[in-house]
Amino acid sequence: MKYYNIKNHSQKISFREAVSQGISSDMGLFMPEAIPMMDESFFKRLSEMNLPQIAFEVGSKYIGDEISSISFKTMCDEAFNFPIQLKQINGKKYVLELFHGPTAAFKDFGARFMSQCFRHFSTSDNQKMVVLVATSGDTGGAIANSFLGIEGVDVVILYPSGKVSELQEKQLTALGNNITALEVDGTFDDCQAMVKAAFTQFEAKGKIKLTSANSINIARLIPQSFYYYYAVSRLKSNKPVISVPSGNFGNITGALLAWKSGLPIERFIAATNINNVVPEYLESRVYNPRKSIQTIANAMDVGNPSNFDRLFELFNGDWAIITSMISGYWFNDDQIRKHIEDEFKRSGYILDPHGAVASLGFERYLNKNPNSIGIIVETAHPAKFFDVVQPIIGQEIPMPESLNNCLKGMKSSIRIRPEYGCLEEYLRDKYSE
Ligand SMILES: *Cc1c(COP(=O)(O)O)cnc(C)c1O
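About the thresholds
- Residues numbered from 1 in each chain as written.
- Predicted model: local features only at pLDDT ≥ 70, side-chain atom pairs only at ≥ 80, totals over all residues.
- Heavy atoms only, no water.
- Helix = DSSP H or I, 4+ residues; strand = E, 2+ residues; numbered from the N terminus.
- Rg over C-alpha atoms; globule rule 2.2 N^0.38 Å.
- Buried < 20%, exposed > 50% of the residue type's maximum accessible area, 1.4 Å probe, protein only.
- Contact = heavy atoms within 4.5 Å.
- Areas by Shrake-Rupley, 256 points an atom, 1.4 Å probe, with all protein chains shown as cover.
- Lys, Arg positive; Asp, Glu negative; His and termini not counted.
- Charge placed at Lys NZ, Arg CZ, Asp CG, Glu CD.
- Pairing = 2+ DSSP bridges.
- Axes fitted to C-alpha atoms, helices over the stretch in contact; angles between N-to-C directions.
- Core = buried A, V, L, I, M, F, W, Y, C linked by side-chain atoms within 4.5 Å.
- Left-handed = near helix turned anticlockwise from the far one by under 90°.
- Nonpolar A, V, L, I, M, F, W, Y, C, P; charged D, E, K, R; others polar.
- 1 Å grid on protein atoms, 1.4 Å probe; cavity = no way out; pocket = protein on both sides within 12 Å on 5 of 7 lines; lining within 4 Å.
- Points joined across faces, edges and corners; volume = space filled by probe spheres on them.
- Near = heavy atom within 4 Å.
- Polar contact = N/O pair within 3.5 Å; in protein donor to acceptor, adjacent residues only side chain to side chain.
- Sits in = over half its atoms within 2 Å of the grid points.
- Disulfide = S-S within 2.5 Å.
- Salt bridge = Lys/Arg side-chain N within 4 Å of Asp/Glu carboxyl O.

1. A few points about the overall build of the chain
- Check the secondary structure of the chain and you find 19 helices and 14 strands.
- Compactness check: the chain gives a C-alpha radius of gyration of 20 Å against a globular reference of 22 Å for 433 residues, within 12% of the reference.
- Summarising its shape, the C-alpha atoms of the chain cover approximately 65 × 50 × 45 Å along the three principal directions.
- Sorting the 433 residues of the chain into buried and exposed places 61% on the buried side.
- Excluding contacts between residues fewer than 6 apart, the proportion of contacts in the chain whose partners are at least 24 apart in sequence is 75%.
- Counting only carbon and sulfur atoms, one obtains 48% of the accessible surface of the chain, whose full area is about 16500 Å².
- When the 44 basic and 47 acidic side-chain charges of the chain are each reduced to a single mean position, those positions are 3 Å apart.

So this is what it looks like as structure tokens:
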């Protein structure tokens, strides 16, 4: 499989190159040349397959012969060594819980798969890889956790000061070793812009190679399709609606890849908080990226979603076709809080603020399409946002052990202004001779 640059279709590179570049020098994202179709025998066996097996069969199509089957099998087993669950909460609604990994958010799927790819490829490279990542909350923790201690790889995480939860901050600042946290006095969009600028402007001297761990990296996107095969195959009725709480639109793009490969899905719901650039586009055809606004679903506080280009590309930029498959809804903090409370009273299920957005989106759709069955994607464990959720439901949420351990760590970060020059200075000090 070759990967092409969506800004320059004639630039085609291997999977390995796409992973190590992250984004092209003209800021184009890479896409697989063709979305692989999964065959009938795969779909017949699907309901018996576990996630590592699904990952191996689907992932092999994207990777071709660039990694041997034996190695790739081990990589999938190691990346996805934690459970995944689909729970029914009423006659219409299922919850796909993607928060049983080490950092209690769905980012673990992409980060752990990507770190396996880096580990595999870096053993044959003698340059040091410096992985730059901007985080609105959960990405940094997942990347830090899955890249900790990998030889030949340094991770530099940029996060907006004061805009992530205490737990999220500990997850990305307390590990040390090859992980450095830069605390930026600005927003997530500033962090993302600084990382993007580094790719076009920073001249790495021979010794190092800069790459990205944001969902612009294809090795994070592909694994975000695997769990959709799992979820759909576990339903008794086929063709569900899938509601994805969206920020950078990587998770929903993963779902679209699965659908394009033959997975039966009725419709997608792009559910957001008040950072509603994409739902607005779906409604009005006008795409107007702008500054992000802080909300209680902070991992979705994105004003200029980086995967939108890919989503657009999957539909050849045709608004009519996009809207025939995707509906968009957005909700404010009060609606999110109220829904967490309502769902808890109704079913006893504790949603986190992100999953609540997905759940609200599905309910909105269900009003007009009462026969649909929906899978809502729960992207974070509610304990990760205990400060928001506990007062709403009026009781304590038991902490998963991984989060408890993390709270004991010591924060260590380097504070910088939200300017590319400051990031450059840091990189130059650390990595030039
Ligand atoms: C990152 C994140 C999202 C948004 O996912 P995208 O792929 O950026 O759309 C939603 N919920 C949680 C908890 C997240 O960490």
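2. Digging into the sheet that holds strand β11 (residues 267-272)
- On the basis of which strands lie adjacent, the open sheet formed by 6 strands has the order β4-β5-β13-β10-β11-β12 and mixed pairing. Two strands lie at the open edges of the sheet, namely β4 (85-88) and β12 (326-330), each paired on one side alone. For this sheet the average axis-to-axis angle between neighbouring strands, irrespective of direction, equals 25°.
- Pairing of β4 with strand β5 (residues 93-97), which is carried by 4 bridges, proceeds in the antiparallel orientation. Across the sheet, residue Gln88 finds its bridge partner in β5, namely Tyr94.
- Contacts between helix α11 (residues 250-260) and the sheet are confined to β10 (241-245), β11, β12 and β13 (374-378), with β11 contributing the most and set at about 175° to the helix.

3. Observations regarding the nonpolar core
- Counting residues in each nonpolar core, the largest one holds 123 residues, and the members touching the most others are Phe15, Leu132, Phe147, Leu158 and Ile326.
- Ignoring anything within four residues of it in the chain, the contact list for Phe15 reads Met1, Tyr3, Tyr62, Ile63, Glu66, Cys117, Phe121, Ile218, Ala219 and Ile222.
- The next biggest cluster of nonpolar side chains, apart from the first, holds 38 residues, and it includes Ala105, Phe344, Tyr349 and Val357.

4. A few points about the packing of helix α4 (residues 69-79) against helix α5 (residues 107-122)
- Axis separation between α4 and α5 bottoms out at 9 Å; the angle between their running directions is 140°. The two elements α4 and α5 meet at a crossing, and its hand is right-handed. Residues Ser71, Phe72, Met75, Glu78 and Ala79 of α4 form the contact with α5, whose own contacting residues are Arg112, Phe113, Gln116, Cys117 and His120.
- Residues of the contact of α4 with α5, tallied by class, amount to 5 nonpolar, 3 polar and 2 charged.

5. Overview of empty space enclosed by the protein
- With the rule as written, the count across this model stands at 3 cavities of 30 Å³ or more.
- Considering only enclosed or pocket space, the largest cavity measures out at about 250 Å³ in volume.
- Along its surface, the largest cavity is lined by 25 residues, and Phe106, Lys107, Gly247, Asn248 and Ala299 are the ones closest to its centre.
- Every element with two or more residues in the lining of the largest cavity is listed here: α6 (138-147) and α11.
- Within the lining of the largest cavity, the residues separate by chemical class into 10 nonpolar, 12 polar and 3 charged.
- Space inside the second largest cavity adds up to approximately 60 Å³.
- Looking at the lining of the second largest cavity residue by residue, the classes come out as 3 nonpolar, 3 polar and 1 charged.

6. Focus on the site of the ligand
- Around the ligand, a shell composed of 15 residues is seen, among which Lys107, Asp138, Gly247, Asn248 and Thr379 lie nearest.
- For the ligand, an oxygen atom lies 2.8 Å from a polar atom in the backbone of Asn248.
- In this structure, an oxygen atom belonging to the ligand sits 3.1 Å away from a main-chain N or O atom of Gly250.
- Protein contact buries 97% of the 380 Å² of open area that the ligand shows by itself.
- Taking a 2 Å distance to the grid points as the criterion, the majority of the atoms of the ligand fall inside the largest cavity.

7. Focus on the sheet that holds strand β6 (residues 128-134)
- Ordered in space as β9-β6-β7-β8-β14, the 5 strands form an open sheet in which the pairing is parallel. Both outer strands of the open sheet, β9 (208-212) and β14 (414-416), are each paired with one neighbouring strand and no more. Neighbour-to-neighbour, the strand axes of this sheet turn through a mean angle of 25°, independent of strand direction.
- Bridge analysis of strand β8 (residues 179-184) against β14 gives 3 bridges, and the strand direction is parallel. Bridge pairing links Glu183 to Arg415 in β14.
- Its contacts with the sheet put helix α19 (residues 420-431) on β6, β7 (153-160), β8, β9 and β14, and the angle it makes with β7 is roughly 160°.

8. Regarding the state of the cysteines
- All told, the structure shown has 0 disulfides when counted by the stated rule.
- This cysteine, Cys76, is not joined by any disulfide, and Cys117 carries the nearest cysteine sulfur, 8.6 Å off.
- Free of any disulfide, Cys422 has its nearest neighbouring cysteine sulfur in Cys191, separated by 12 Å.
- On the basis of relative accessibility, which here comes to 12%, the residue Cys422 falls in the buried class.

9. Quick word on the pattern of salt bridges
- Tallied over the full model, the rule gives 21 salt bridges.
- A salt bridge links Lys128 to Asp154; its shortest N-O distance comes to 3.6 Å. Of this pair, Lys128 sits in strand β6 while Asp154 sits in strand β7; the two residues are 26 residues apart in sequence, bridging distant segments of the chain.
- Judged by its relative accessible area of 31%, Lys128 falls in the partly exposed class.
- One salt bridge connects Glu280 with Arg290, and the closest N-O pair in it is separated by 3.1 Å. Of this pair, Glu280 sits in helix α12 (residues 277-284) while Arg290 is found in the loop between α12 and α13 (308-314), placing the two residues 10 residues apart along the sequence.

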